[in-house]
Amino acid sequence: MMRTAVPPVACVGEPRLTAGFAEYGRLDLLAHEEVHGPIGPMEPAQLLQLAEGMQLRGKGGAGFPFARKLRAVLESCERQDLAAVVVVNASEGEPASWKDKVLLTRAPHLILDGAALVAYALDADEIVIGVADDGVGRDSLMEALDERRMPVQTTIVTVPHRFISGEGGALVNGINGLPHIPPGTKKRSSDSGVSGLPTLLSNAETFAQLAVGARLGPYEYAALGTDDEPGTVLLTVTGAAGRPAVVECTAGMPLRDVLDLCEVPATQGILMGGYHGKWITPEAAETAEVSRRGLAAVGGTLGAGIIIPLGVDTCPLGEAAQVVRYLAGESAGQCGPCKMGLPDLARAVDLAVAGSQPADVVRAAAGEVRGRGACSHPDGTARFALSAIEVFTEDLRLHSTGDGCGRRVKGVMGLPGAPDANPQKLTLDWSRCDGHGLCAHVVPDFIRLDANGFPAFPATPVPTWLREGALKAVKLCPELALRLAKAE
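A quick note: this is a predicted structure, and the numbers were derived from the prediction, not measured. (Residues numbered from 1 in each chain as written. Predicted model: local features only at pLDDT ≥ 70, side-chain atom pairs only at ≥ 80, totals over all residues. Heavy atoms only, no water.)

Undergrad: Any chance you could break down the side chain of His-399 for me, citing the residues and the numbers?
TA: Within the secondary structure, His-399 is located in helix α17 (residues 393-400). The class for His-399 is buried, based on a relative accessible area of 5%. Setting aside residues up to four positions removed in sequence, His-399 forms contacts with Cys-315, Leu-317, Ala-352, Val-353, Ala-354, Gly-355, Gly-404 and Cys-405. (Helix = DSSP H or I, 4+ residues; strand = E, 2+ residues; numbered from the N terminus. Buried < 20%, exposed > 50% of the residue type's maximum accessible area, 1.4 Å probe, protein only. Contact = heavy atoms within 4.5 Å.)

Put into structure tokens, the structure is as follows:
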């Protein structure tokens, strides 16, 4: 899907977030109020009771209980005698995800309703909404703000459309005028976030779900879904789907129903939860339910609500390798697991696909980054890579012979162009290289020496934070064997 074209929307079961889409397309304020009805402010205790009764969890991927976030900010404001800030994360940095952008472009008032409820309950000073710089949804949001009066000052902040820019700490940094990357150390935004104030941050769908629940009440809200996951779920279905779409479905619904609606053909595997998610087998997809518990039971994850099925005509390991390379290039490059570990992991996956190294090397490289990063990016990337080699075991066996699986990589994972405007990769003229090893000393994060003492590096573009070192290595190569070339 191109970032400039919002995908179609479909619904399995009763529409809630997507109610009125068929009649109105985009819901302006009048249409929004006609479809959803009135909504009034809530005191903190009321809103806490509602969030707990709805069992509302964050819809951005982590699934953190919303009531716990709300309570933490309330307690922090009281303890520090400070005002609060409400942040709506609508940046949606993952290229394969579209659900929040659909809400921005077609139901912006639901997002604003939820943010206004929280701001009133917290007696917040400000609402900040982070949107991506791809332009999708910003105009619709500004139009919605012009149509209504918000309880506090509400501003829109533009976020670079990068994978890590949507991470909570990165968004807070960007709002504070710092680089849009996660902070080097983990800290709670509920204690100190925007402008150093206690900050409640959640993603756009979470606020929209809260607005739906405030109108219905927790009991009617729970009329759909499962006992422990009431309500509906928004999903982005892409990949090999014949009808890619953003789908609203009842939590607990068979995954097969969603796949059939989107005309998903026979698959080799399905990525659940996005690039930080997990693969499941076609057999698992036949029995899986769309819920956190249901997907976990078959080895998957709901994550950010992204479903990417692979058709039978592409190389699944090659597709996975492209994503790992992308994720390595999207890191902030500020901690060891990202700066050194993710390029190592990308290299290991590439070599496993080429059949020159066993899968154990991938497992070892993933183990080196898990649980050690300043944010969740290394963990999510490792989870994705490990899941791929566990699900596509037969393909891995075929690749281990060096002959591969016989299928080309079609590139169906929804990846954007290269992470930077001028991607470059290292090349080596073997007729000139004498194995001095100087390049590996200059940029050890990317170039290693093989068993024979010659330089070895992945065929991936050089990460932007290593570009200067790679250029220096090229200039210092005694035999002029090492070169930087434009990555195709």
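Undergrad: Give a detailed account of unusual backbone geometry, specifying residues and quantitative values.
TA: Note: most residues except glycine have negative phi, and most peptide bonds are trans. Backbone geometry places Asp-81, a non-glycine residue, at a positive phi of 55°. In this fold, Asp-81 is placed in the loop between α4 (66-80) and β2 (85-90). Judged by relative accessible area, which is 70%, Asp-81 ranks as exposed. Notably, Leu-480 is not glycine yet its phi reads approximately 55°, a positive angle. Locating Leu-480 in the fold gives a position in the loop between α19 (467-476) and β14 (482-486).

Undergrad: Any chance you could break down the environment of Gly-137 for me, citing the residues and the numbers?
TA: Mapped onto the secondary structure, Gly-137 falls in the loop between β3 (126-132) and α7 (138-147). Put simply, Gly-137 and Ala-90 are 47 residues apart on the chain and 9.1 Å apart in space, counted from C-alpha to C-alpha. Ignoring any residue separated from it by four or fewer positions in sequence, one finds Gly-137 in contact with Leu-104 and Thr-105.

Undergrad: How would you summarise the side chain of Lys-59 if you had to cite specific residues and measurements?
TA: Locating Lys-59 in the fold gives a position in the loop between α3 (44-54) and α4. Buried within the structure, Lys-59 lacks any salt-bridge partner; its nearest side chain of opposite charge belongs to Glu-205, at an N-O separation of 4.8 Å. For Lys-59, the residues in contact, after removing those within four places along its chain, are Lys-99, Asn-203, Glu-205, Thr-206, Gln-209, Thr-232, Gly-303 and Ala-304. (Lys, Arg positive; Asp, Glu negative; His and termini not counted. Salt bridge = Lys/Arg side-chain N within 4 Å of Asp/Glu carboxyl O.)

Undergrad: If you had to explain the packing of aromatic side chains to someone new, which residues and values would you point to?
TA: Evaluation of the coordinates by the stated rule reveals 7 aromatic pairs. With centroids separated by 6.2 Å and ring planes inclined at 80°, the aromatic side chains of Phe-66 and Phe-207 adopt a geometry described as edge-to-face. Linking Phe-66 in helix α4 with Phe-207 in helix α9 (residues 204-221), this pair joins segments that are 141 residues apart in sequence. Considered together, Phe-66 and Phe-207 belong to a single accessibility category, that of buried residues. The rings of Phe-163, Tyr-275 and Tyr-326 are connected pair by pair, giving a single aromatic cluster. (Phe/Tyr/Trp six-rings, centres within 6.5 Å; stacked < 30°, edge-to-face > 60°.)

Undergrad: Break down the sheet that holds strand β10 (residues 306-311) for me, citing the residues and quoting the values.
TA: Spatially, β1-β7-β6-β10-β8-β9 is the arrangement adopted by the 6 strands of the open sheet, whose pairing is mixed. Each edge of the open sheet is held by one strand with a lone partner, namely β1 (9-12) and β9 (278-280). The mean inter-strand angle of the sheet, taken between neighbouring strand axes irrespective of direction, is 25°. With 6 bridges joining them, strand β6 (residues 232-237) and strand β7 (residues 245-250) adopt antiparallel strand pairing. Considered in β7, the bridge of Val-233 is made with Cys-249. (Pairing = 2+ DSSP bridges. Axes fitted to C-alpha atoms, helices over the stretch in contact; angles between N-to-C directions.)

Undergrad: Could you give me a rundown of helix α15 (residues 359-369), with the residues and numbers involved?
TA: Along α15, the residues that are buried comprise Ala-359, Val-362, Ala-365, Ala-366 and Val-369. The arc enclosing the buried residues of α15, seen along the axis, measures out at 120°, which places them on a common side. Exposed side of α15, more than 90 degrees from the buried face: Asp-360 and Glu-368 are the residues found there. Against α14 (336-354), α16 (377-391) and α17 lie the buried residues of α15. Where α15 ends, the next residue or the one after it, Gly-371, has phi of about 75°, a positive value. (Arc of directions from axis to C-beta.)

Undergrad: How would you explain the pattern of salt bridges if you had to name every residue and give the values?
TA: All chains considered together, the criterion is met by 24 salt bridges. In this structure, the salt-bridge partner of Glu-143 is Arg-26, at a minimum N-O distance of 3.7 Å. Linking Glu-143 in helix α7 with Arg-26 in the loop between α1 (21-24) and α2 (29-36), this pair joins segments that are 117 residues apart in sequence. With a shortest N-O distance of 3.1 Å, Asp-260 and Arg-256 are connected by a salt bridge. Taken together, the residues span about one helical turn, with Asp-260 and Arg-256 both in helix α10 (residues 255-261) at a distance of 4 residues. According to the relative accessible area criterion, Asp-260 is partly exposed, its value standing at 46%. The structure contains a network of salt bridges with shared partners spanning Arg-79, Arg-188 and Asp-191.

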